[in-house]
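# Chains, contacts and geometry: an overview
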Amino acid sequence: MTNLRVWHASRDPYHCSFRFLRLLVAGAESVELERLRILDMFLLYPSLLHRSSLPQELKNKFRALNIEKPHKIFMHLPSPAAIFQDLRLYQNSATIQLAAKGLIDSAELKQGTIQLLDWAIPSELRKRTEERNIQDQGLSSFLVGPFSNIPLRGSASVYRRVGLPTRVVGE
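Within any chain, residue numbers begin from 1 and follow the written order of that chain's sequence. For a predicted model such as this one, the threshold for reporting local features is a pLDDT of at least 70, and the threshold for listing and counting side-chain atom pairs is 80 or more; totals across whole chains, interfaces and linings nevertheless cover every residue. Heavy atoms from the whole structure form the basis of all side-chain values; hydrogens and water molecules are not counted.

### Examining the environment of Arg161
The condition is simple: Secondary structure counts use DSSP, requiring at least four H or I residues in a row for a helix and at least two E residues in a row for a strand, with both numbered from the N terminus. Two residues qualify as a contact provided that any one of their heavy atoms is within 4.5 Å of a heavy atom in the partner residue. Pairs of N or O atoms are called polar contacts if they sit within 3.5 Å, as long as, within protein, a hydrogen donor faces a hydrogen acceptor (for residues adjacent in sequence, only side-chain-to-side-chain pairs).
In this structure, Arg161 sits in helix H8 (residues 158-162). Sequence separation between Arg161 and Arg51 is 110 residues, and the spatial gap between their C-alpha atoms is 9.1 Å. Every residue in contact with Arg161, bar those within four places of it in the chain, is listed here: Ser52, Ser53, Leu54, Pro55, Ile150 and Ala156. Here the side chain of Arg161 touches Ser53 through a polar contact of 2.8 Å, landing on its backbone oxygen. A polar side-chain atom of Arg161 sits 3.4 Å from the main-chain carbonyl oxygen of Ala156.

In structure tokens, the structure reads:
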């Protein structure tokens, strides 16, 4: 009998490390770890943003990206809360990998912030992250730009707007 293994980017900590680097290189050079987790989820599953309660101006910018709606993509996506929880293990591994490779500041990580050590990124890796960000037709710029302006805490927090449990950030 053949032993088949199915690979998916959501279950690959190396792919998650690359996504984290993409977001950091795209403009979020220093960001709260919890915000980076959310950005990563939407970089991986951008169609989930259609289920979010975004301010109208932000919703218009998102619509301009022409991201497929969840019911039109190949796979059925569970709730953002379920995906967010599932990604946590791989995101933790990715964070540890980036710190071990010296690509993020370990002291900042202890404070709950991811800070890219720009000088430590090999030029080929930087080139590949930039190329991939260009290929995504503005999604990474949207996520690290206007989407990142949504507060992490409070009544209009990104957690509440996208349907994530707020107990993670201690509200």
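### Considering the pattern of salt bridges
Basically, it comes down to this: Salt bridges are identified by distance alone: a Lys or Arg side-chain nitrogen within 4 Å of an Asp or Glu carboxyl oxygen. Under the scheme applied here, a residue whose accessible area is under 20% of the maximum for its type counts as buried, over 50% as exposed, and between as partly exposed, the area being computed with a 1.4 Å probe on protein chains only.
Here the structure, examined in full by the defined rule, presents 8 salt bridges. Of the charged contacts in the structure, one is a salt bridge between Arg22 and Asp136, with a shortest N-O distance of 2.7 Å. With Arg22 in helix H1 (residues 13-26) and Asp136 in the loop between helix H6 (123-135) and helix H7 (139-144), the pair connects residues that are 114 residues apart, well separated along the chain. Here the two residues Arg22 and Asp136 agree in accessibility, since each one is buried. Glu130 is the salt-bridge partner of Arg126, the closest N and O atoms lying 3.3 Å from each other. Of the two residues, Arg126 and Glu130 are both situated in helix H6; the distance of 4 residues between them amounts to about one turn of the helix. Residues joined in a network through salt bridges with shared partners are Glu34, Arg37 and Arg88.

### Some points on H6
Condition: One fewer than the residue count of a helix, multiplied by 1.5 Å, yields its expected span. Note that the arc is computed from the directions linking the helix axis to the C-beta atoms.
A rise of 1.5 Å per residue sets the reference length of H6, with its 13 residues, at 18 Å; its end C-alpha atoms lie 18 Å apart and thus fit the reference within 8%. Turning to H6, its buried residues are Arg126, Thr129 and Asn133. Down the axis, H6 shows its buried residues gathered within 65° of arc, on one side only. Residues of H6 that are exposed and point more than 90 degrees away from the buried face comprise Ser123, Arg128, Ile134 and Gln135. For H6, the elements touching its buried residues are H1 and H7.

### Describing the nonpolar core
For clarity, the cut-off: Grouping buried Ala, Val, Leu, Ile, Met, Phe, Trp, Tyr and Cys residues that are joined through side-chain atoms within 4.5 Å yields what is termed a nonpolar core.
Counting residues in hydrophobic clusters, the biggest one holds 47 residues, and the most contacted among them are Ile38, Met41, Phe42, Phe142, Leu143, Phe147 and Val158. For this core, the elements supplying multiple residues, two or more each, are H1, helix H2 (33-44), helix H3 (56-63), helix H4 (80-100), H7 and H8. With 8 residues, H2 is the largest single contributor of residues to this core.

### Quick word on the layout of surface pockets
As a reminder, the rule being used: Using only the protein atoms, space was sampled on a 1 Å grid; points where a 1.4 Å probe fits but cannot get out form cavities, open sets with protein on both sides within 12 Å along at least five of seven lines form pockets, and lining residues are those with an atom within 4 Å of a point. Grid points are joined across faces, edges and corners, and a volume is the space filled by probe spheres set on the points.
What the second largest pocket holds in volume is close to 190 Å³. Around the second largest pocket sit Tyr14, Ser17, Phe18, Leu21, Gln97, Leu98, Lys101, Leu103 and Leu125, which together line it. Secondary structure elements with two or more residues in the lining of the second largest pocket: H1 and H4. The dominant element in the lining of the second largest pocket, judged by the number of residues it contributes, is H1, at 4 residues.

### Brief notes about the packing of aromatic side chains
Which entries qualify depends on this criterion: Ring pairs are drawn from Phe, Tyr and Trp, using the six-membered ring of Trp, whenever the two centres fall within 6.5 Å, and their geometry is named by plane angle: stacked under 30 degrees, edge-to-face over 60, tilted for the rest.
Summed over all chains, the structure comprises 4 aromatic pairs. For the pair Phe62 and Phe142, a centre-to-centre distance of 5.9 Å together with 40° between the ring planes defines the contact as tilted. Separated by 80 residues along the polypeptide, Phe62 in helix H3 and Phe142 in helix H7 bring together distant segments of the chain. Residues Phe62 and Phe142 agree in their burial class; the two are buried. Ring plane angle 85° and centroid distance 6.2 Å describe the contact between Phe84 and Tyr159, whose orientation is recorded as edge-to-face. Of this pair, Phe84 sits in helix H4 while Tyr159 sits in helix H8, placing them 75 residues apart in sequence. Taking relative accessible area as the criterion, Phe84 reaches 2% and is therefore assigned buried.

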